[in-house]
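Observations on the model geometry
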Amino acid sequence: MIRLCFRLFSVHFLLQIQFFAMGIVRQEAELEEFRRMLSCAAVNRRKAGDGFGGARVTAFPGDALDRMVCVTSGVSYLGIAIVNQLLLNGYSVRIIVDNEEDVEKLREMETSGEMRLNNSVVEVVMARLTETQSLTEAFDGCRVVFHPAAFVDPAGLSGYSKAMAEIEVNTSKNVVRACGLSPSVRHCVLTSSLLACIWRDSSMRVIDHKCWSDESICVNKKLWYALGKLRAEKAAWEIAKASGVKLATICPGLITGTDFYRRNPTPTIAYLKGAEEMYAYGLLATVSIDTLAKAHVRVFEEMKKAAPGSRYICFDKVMERGDEVERLAAETGISVASLTGGASSSCRPRYELSNAELRQLMLRPQRCENE
């Protein structure tokens, strides 16, 4: 396995390249090209199969190791936002990628300023989300793992398929298992979905963090995104309980923000399948990417205070007005009729979404760790 560690600084960088395995020697011109391409980095490569044995994480000043956290899917729409919030809060972040294309994306983000640096350290580690051992090694030295659970259809098809739901479940299992096997990881924050809560037959009019969708409804309606999130979250809770990992899950509404559809098309379209029913029942909720990223960091901060893991619903607003739906339709290219079914949102009994658990947490004054 190849490990790439990039130490990113806001102004200056130092590039060191070490080849452990095959005695490869690069010409000075090639090294200059590396210096140009990597805006700031320290790269370590090991022969495939060597893993992390013998490769050391660079020593960081002060208590930085205690503030080393990990984000899987760190180049996804949500992953980038979480990384930026962590950096703004003074954490050092290890980003998990599984291909060279994602490494290039991170280089471009740092160069363009999309990834904000605050005198923190960013490492990029290549690991396979399908292999528990690979993840266990990648998590070494981190205190928490954030798993946004973002995927691209491996078949290159548009939409979120039933096969992708299985990938989501298996990957989430691998991540939580690896957290349990890691000697350093204490916490895991997993991003689920509001869809894992709302697809259910119930006389209860309030839907909160205690509610779970019905798998049979998701299957019958072919709501594969909802099914994948539901099964992945349930599996994560089971594994966390068995392994002693302190887990928290966040169930967000439709994630919105600047240019959200172009940057996050597959989950957006998949989320909106069944939108007409959600709209009619008062369950078509959205959350801004910034609000959601801040919630992830706040939930972790609460977990560090020895609070038990918990489940949270996260949304900013519930769509009720026609102009809100028209704006969403314009942003996604989906017709208003497809989002509403051509019916008024007041035609059917309405449910109430409750995010009280997370709202109370976000409003609570945050104490300094040293107090």
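To start, this report covers the structure provided alongside it. (Residues numbered from 1 in each chain as written. Predicted model: local features only at pLDDT ≥ 70, side-chain atom pairs only at ≥ 80, totals over all residues. Heavy atoms only, no water.)

Of the strand pairs in this sheet, strand β10 (residues 254-256) and strand β11 (residues 285-288) are connected by three bridges, and their pairing is parallel. Across the sheet, residue Leu-254 finds its bridge partner in β11, namely Thr-286. Direction of pairing for β11 relative to strand β13 (residues 317-318): antiparallel, over a ladder of two bridges. Looking across to β13, one finds that Ala-285 is bridged to Val-318. (Pairing = 2+ DSSP bridges. Helix = DSSP H or I, 4+ residues; strand = E, 2+ residues; numbered from the N terminus.)

What follows covers the nonpolar core. Ranked by internal contacts, the top residues of the largest apolar core, which has 80 residues, are Leu-86, Phe-146, Ile-198, Trp-199, Leu-272, Met-278 and Leu-353. Apart from the residues within four sequence positions on either side, Met-278 is in contact with Leu-195, Ile-198, Trp-199, Tyr-271, Leu-272, Lys-273, Leu-283 and Leu-284. Val-185, Ala-236, Ile-239 and Ala-240 belong to the second-largest nonpolar core, a separate cluster that totals 23 residues. (Core = buried A, V, L, I, M, F, W, Y, C linked by side-chain atoms within 4.5 Å. Buried < 20%, exposed > 50% of the residue type's maximum accessible area, 1.4 Å probe, protein only. Contact = heavy atoms within 4.5 Å.)

Any two side chains of opposite charge can pair, so long as their charged atoms come close to each other. Within this structure, the stated rule accounts for 15 salt bridges. Residue Glu-131 pairs with Arg-128 through a salt bridge whose shortest N-O separation is 3.9 Å. With its nearest N and O atoms 2.5 Å apart, the salt bridge here joins Arg-311 to Glu-233. Within this pair, whereas Arg-311 is found in strand β12 (residues 311-314), its partner Glu-233 is found in helix α8 (residues 224-243), the two being separated by 78 residues in sequence. Classification of Arg-311 by relative accessible area gives buried; the value is 6%. A relative accessible area of 0% means that Glu-233 is categorised as buried. A single network of salt bridges, built from pairs that share partners, joins Arg-298, Glu-302, Lys-305 and Arg-364. (Salt bridge = Lys/Arg side-chain N within 4 Å of Asp/Glu carboxyl O.)

At a closest axis distance of 10 Å, the pairing of helix α12 (residues 289-303) and helix α15 (residues 356-363) adopts a crossing angle of 80 degrees. Overall, the two elements α12 and α15 adopt an arrangement that is roughly perpendicular. Between α12, through Lys-294, Ala-295, Arg-298, Val-299 and Glu-302, and α15, the contact on the second element is made entirely by Leu-358, Leu-361 and Met-362. (Axes fitted to C-alpha atoms, helices over the stretch in contact; angles between N-to-C directions. Parallel < 35°, antiparallel > 145°, perpendicular 65-115°, else oblique.)

A positive phi angle, near 50 degrees, is found at Ser-73, a position not held by glycine. Relative to the assigned elements, Ser-73 resides in the loop between β3 (68-71) and α2 (77-88).

On to the packing of aromatic side chains. Counted by the stated rule, this structure contains five aromatic pairs. A centroid spacing of 5.7 Å and a plane angle of 80 degrees characterise the contact between Phe-146 and Phe-300, whose relative ring orientation is edge-to-face. On the criterion of sequence distance, the pair formed by Phe-146 in strand β6 (residues 144-147) and Phe-300 in helix α12 is long-range, its members being 154 residues apart. A relative accessible area of 0% means that Phe-146 is categorised as buried. Feature note: the residues Tyr-91, Phe-146 and Phe-300 constitute an aromatic cluster, connected by ring pairs. Above the plane of the ring of Tyr-91 lies Arg-67, whose end atom (NZ or CZ) is 4.0 Å from the centre. Sitting over the ring of Trp-212, Arg-311 keeps its end group 3.5 Å from the ring centre. (Phe/Tyr/Trp six-rings, centres within 6.5 Å; stacked < 30°, edge-to-face > 60°. Lys NZ or Arg CZ within 6 Å of the ring centre and 35° of its normal.)

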